[in-house]
Amino acid sequence: MEQLKLFDDREHLLLPQHLMTYEPEFFNAMDSERFLDTFLKTVPFQQSKVMMYDKEVLTPRLNAWFGDRPMRDGDRRPPIPWTAELLEIKTKVEDHTGMIFNGVLLNYYRDGHDSVAWHSDKDTIVGLKTEIASVSFGQPRNFDFRNKENHRQQHSLELGNGSLLLMKGDLQKYWEHRIAKSTAPMKPRINLTFRKVL
């Protein structure tokens with residue numbers, strides 16, 4: 001399906017600011033490379049299992065959860081303690097957005113074969129809007145999203161090295177998103193999604 005244009009001729013994001021904001025160079029190239037290199041060398045990434053069509057399958061990417069508490073109720077894996085680098089990123093994101101986060105999910109896309117299927121993130125605090133700050137380091141990848149009721153209404157945004165995407169308001173309620181597989185050669189990418197969980 002052909003992607004709809006996401007930016008106008010002045011490079012302004014067409015989606016309302018109360019749903020999404022995007023800053024392509026929130027972290028400079030030097031800091032982005034430093035963070036990517038550190039995470040590739042030090043984070044204990046794992047491959048999760050999920051149920052799909054009554055069958056347990058491995059997710060096509062690696063991940064790790066850091067924070068103050070488990071990512072969701074019933075999760076028996078304790079969160080990994082914050083590192084100095086994650087706290088540095090968290091502080092800059094919180095200072096810029098005015099939001100407070102108590103956990104971060106790191107997703108490691110090793111190459112173009114790694115992906116995440118269409119989904120929307122559930123409320124991290126029941127009854128409140130789901131606000132997620134997404135920071136990307138490494139290989140730029142297309143972030144596709146589509147309207148849940150009208151899949152023809154679909155957009156694509158390239159998340160570049162050092163970028164910050166803030167998803168907020170009712171975005172998760174009415175839209176779903178993915179990182180599709182790619183046939184083009186892809187280098188490693190690590191995405192951080194800062195969240196607020198209870």
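Residues numbered from 1 in each chain as written. Predicted model: local features only at pLDDT ≥ 70, side-chain atom pairs only at ≥ 80, totals over all residues. Heavy atoms only, no water.

**Topic: the nonpolar core**
Then, in step 1: Counting residues in hydrophobic clusters, the biggest one holds 27 residues, and the most contacted among them are Phe-39, Ile-89, Leu-106, Val-135, Phe-137, Leu-192 and Phe-194.
Then, in step 2: The contact partners of Phe-194, leaving out residues within four places of it in the chain, are Trp-82, Leu-86, Ile-89, Lys-90, Phe-101, Gly-103, Val-104, Glu-131, Ile-132, Ala-133 and Val-135.
Then, in step 3: Core analysis: the next-biggest nonpolar cluster, separate from the first, contains 15 residues, Phe-145, Leu-171, Trp-175 and Ile-179 among them. (Core = buried A, V, L, I, M, F, W, Y, C linked by side-chain atoms within 4.5 Å. Buried < 20%, exposed > 50% of the residue type's maximum accessible area, 1.4 Å probe, protein only. Contact = heavy atoms within 4.5 Å.)

**Remarks on the packing of helix 1 (residues 29–42) against helix 2 (residues 84–97)**
Then, in step 1: At a minimum axis separation of 10 Å, helix 1 and helix 2 run at an interaxial angle of 140°. Comparing their axes, helix 2 and helix 1 come out oblique. Relative to helix 2, the crossing made by helix 1 is left-handed. Facing Arg-34, Phe-35, Thr-38 and Phe-39 of helix 1, the residues of helix 2 in contact are Glu-85, Leu-86, Glu-88 and Ile-89.
Then, in step 2: Its residues assigned to classes, the contact of helix 1 with helix 2 comprises four nonpolar, one polar and three charged. (Axes fitted to C-alpha atoms, helices over the stretch in contact; angles between N-to-C directions. Helix = DSSP H or I, 4+ residues; strand = E, 2+ residues; numbered from the N terminus. Parallel < 35°, antiparallel > 145°, perpendicular 65-115°, else oblique. Left-handed = near helix turned anticlockwise from the far one by under 90°. Nonpolar A, V, L, I, M, F, W, Y, C, P; charged D, E, K, R; others polar.)

**Some words on helix 1**
Then, in step 1: Over its 14 residues, helix 1 runs 20 Å from end to end, which matches the ideal 20 Å to within 8%, given 1.5 Å per residue.
Then, in step 2: Contacts made by the buried residues of helix 1 are with helix 2, strand 5 (103–109), strand 7 (132–138) and strand 12 (189–195).
Then, in step 3: Residue Asn-28 occupies the N-cap position of helix 1, its side-chain oxygen lying 3.2 Å from the main-chain nitrogen of Met-30. (Expected span 1.5 Å × (residues − 1). Polar contact = N/O pair within 3.5 Å; in protein donor to acceptor, adjacent residues only side chain to side chain.)

**Quick notes on the sheet that holds strand 5**
Then, in step 1: The six strands are arranged 1-10-7-12-5-4 in an open sheet whose pairing can be described as antiparallel. Pairing within the sheet leaves two strands with one partner each, and these edge strands are strand 1 (20–23) and strand 4 (62–67). On average, each strand axis in the sheet is tilted by 15° relative to the strand beside it, whichever way the strands run.
Then, in step 2: Two strands pair when backbone bridges link them, and strand 4 and strand 5 are joined in this way by six bridges, in the antiparallel orientation. Residue Ala-64 lies in a different strand from strand 5, and its bridge partner there is Leu-106.
Then, in step 3: Where helix 1 meets the sheet, it contacts strand 5, strand 7 and strand 12, and its direction lies at approximately 90° from that of strand 7. (Pairing = 2+ DSSP bridges.)

**Considerations on the pattern of salt bridges**
Then, in step 1: If you walk through the whole model with that rule in mind, you get eight salt bridges.
Then, in step 2: Residues Arg-34 and Glu-88 are paired through a salt bridge, measuring 2.9 Å at the closest nitrogen-oxygen approach. With Arg-34 in helix 1 and Glu-88 in helix 2, this pair connects stretches of sequence that are 54 residues apart.
Then, in step 3: The exposure class assigned to Glu-88 is partly exposed, which follows from its relative accessible area of 38%.
Then, in step 4: Its salt-bridge partner being Asp-144, residue Arg-178 comes within 3.0 Å of it at the nearest N-O pair. Residue Arg-178 is found in strand 11 (residues 175–179), and its partner Asp-144 is found in strand 8 (residues 141–147); the two are separated by 34 residues along the sequence.
Then, in step 5: Using a relative accessible area of 24% as the deciding quantity, one classes Arg-178 as partly exposed.
Then, in step 6: A relative accessible area of 5% places Asp-144 in the buried class. (Salt bridge = Lys/Arg side-chain N within 4 Å of Asp/Glu carboxyl O.)

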